[in-house]
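Summary of the model geometry
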Amino acid sequence: MPAKLSVNLNAVAMLRNRRDLPWPSVTGLGRIALQAGAHGLTVHPRPDERHIRFSDLPAIRALIDDSFPDREFNVEGYPSEAFLRLVEENQPEQVTLVPDDPAQATSDHGWDFAAAAAFLGPVVKRLKRKGFRVSLFCNPDESEAGLRAARETGADRVELYTGPYGASHDDPERAERELDKLARTAEAAAALGLGVNAGHDLTVANLPALARRIPFLAEVSIGHGLTADALEHGMAATVRRFLDACAAG
Ligand SMILES: CC(=O)[C@@H](O)[C@H](O)COP(=O)(O)O
Ligand SMILES: NCC(=O)COP(=O)(O)O
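Residues numbered from 1 in each chain as written. Chains lettered and ligands numbered in written order. Predicted model: local features only at pLDDT ≥ 70, side-chain atom pairs only at ≥ 80, totals over all residues. Heavy atoms only, no water.

Per an unreviewed UniProt entry, the recorded name for the chain is Pyridoxine 5'-phosphate synthase, and the organism is Chelativorans intermedius. Listed under Subcellular location (unreviewed entry) in UniProt, the entry text for the chain is "Cytoplasm". Quoted verbatim from the Sequence similarities (unreviewed entry) field of UniProt, the annotation for the chain is "Belongs to the PNP synthase family." (UniProt positions renumbered as here; feature names shortened; annotations may be inferred.)

Quick look at the structure:
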């Protein structure tokens, strides 16, 4: 079963925010992505609303509910009280918790699951009580003990941070080493009963090898590389190319 593709709309929102105008439309591009076969849409509403605005979420929720009820909404973010209320208001199918500082340029590391256990446990319990699937952002070389701590929070999945793998696009030997780390962590997570997602700097070029190494990968969420390709090939054709790359595994 190929990994499901969730299209991250952050970069579309970043382009939209350049002017006080409603285009490019976040929901418009999201609709095209879903029509082309994407399994879901992902957003990461950061506290400064640099790209996705909190006001974007209801329209994305309505798009999926009204026109694509078999698809999913995945909302990523640091579990501040404001973030938790935002997801409780918008009811995504999946919530992906990341340890990001508000000032971070982008997500560049997973949780220290042992150190964050006392914090994450009640948060995951609150989200699970509300019926959300919970995924935790995870370093590519996470330890067995760290993955056990992640499982002990009650989370359903981990999302493997694939940034270092994506950064090795011009160094095949480093890419192989990064793939080895990701595969080991994925296998250990699956052995503990955790589902495995992945994301960050994935592309049509690097996705097939990841899908082959981790054939049980549940979902990839992709935004930056996919949006870059969509500028050249159009969103519909790009989504189809990424779906083919997921299936290459
Ligand atoms: C969690 C992750 O790796 C990405 O989804 C993240 O949302 C990217 O954030 P920016 O789009 O703000 O770089
Ligand atoms: N969780 C990863 C994601 O949603 C998108 O990351 P990127 O493709 O924009 O790097």
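Turning our eyes to something else, we now look at the overall build of the chain. When helices and strands are counted, the chain shows 11 helices and eight strands. The C-alpha radius of gyration of the chain comes to 17 Å, within 12% of the 18 Å expected for a compact globule of 249 residues. Principal axes of the C-alpha set define a box for the chain whose edges measure 50 × 40 × 35 Å. Burial status across the chain gives 53% buried among its 249 residues. Counting contacts in the chain only where the partners sit at least 6 residues apart, residues at least 24 apart contribute 67% of the total. When the accessible area of the chain is evaluated, it comes to approximately 10,900 Å², of which 52% is carbon and sulfur surface. (Helix = DSSP H or I, 4+ residues; strand = E, 2+ residues; numbered from the N terminus. Rg over C-alpha atoms; globule rule 2.2 N^0.38 Å. Buried < 20%, exposed > 50% of the residue type's maximum accessible area, 1.4 Å probe, protein only. Contact = heavy atoms within 4.5 Å. Areas by Shrake-Rupley, 256 points an atom, 1.4 Å probe, with all protein chains shown as cover.)

Glancing now at the sheet that holds strand S4 (residues 94-97). Read around the closed barrel, eight strands run S1-S2-S3-S4-S5-S6-S7-S8, paired in parallel fashion. Recorded for the sheet is a direction-independent mean angle of 25° between the axes of neighbouring strands. Pairing of strand S6 (residues 157-161) with strand S7 (residues 195-199), which is carried by five bridges, proceeds in the parallel orientation. Paired with Glu159 across the two strands is Asn197, which belongs to S7. (Pairing = 2+ DSSP bridges. Axes fitted to C-alpha atoms, helices over the stretch in contact; angles between N-to-C directions.)

Sequence positions flagged by UniProt for "active site" (unreviewed entry) are, in local numbering, His44, Glu76 and His200. Across 157 residues, the annotated set stays spatially compact, with a maximum C-alpha separation of 12.2 Å. Within the annotated group just given, the residues that line the largest cavity are His44. Position of His44 relative to the elements: it lies in the loop between strand S2 (40-43) and helix H3 (57-67). Leaving out residues up to four positions away in the same chain, His44 has contacts with Asn10, His51, Ile52, Glu76, Gly77, Val98, Asp100 and Ser107. Relative to the helices and strands, His200 is located in the loop between S7 and helix H9 (207-213). Not counting chain neighbours up to four residues away, the residues in contact with His200 comprise Thr106, Ser107, Tyr161, Thr162, Gly163 and Ser221. Within polar-contact distance, the side chain of His200 engages the backbone oxygen of Ser107 at 3.5 Å. (1 Å grid on protein atoms, 1.4 Å probe; cavity = no way out; pocket = protein on both sides within 12 Å on 5 of 7 lines; lining within 4 Å. Polar contact = N/O pair within 3.5 Å; in protein donor to acceptor, adjacent residues only side chain to side chain.)

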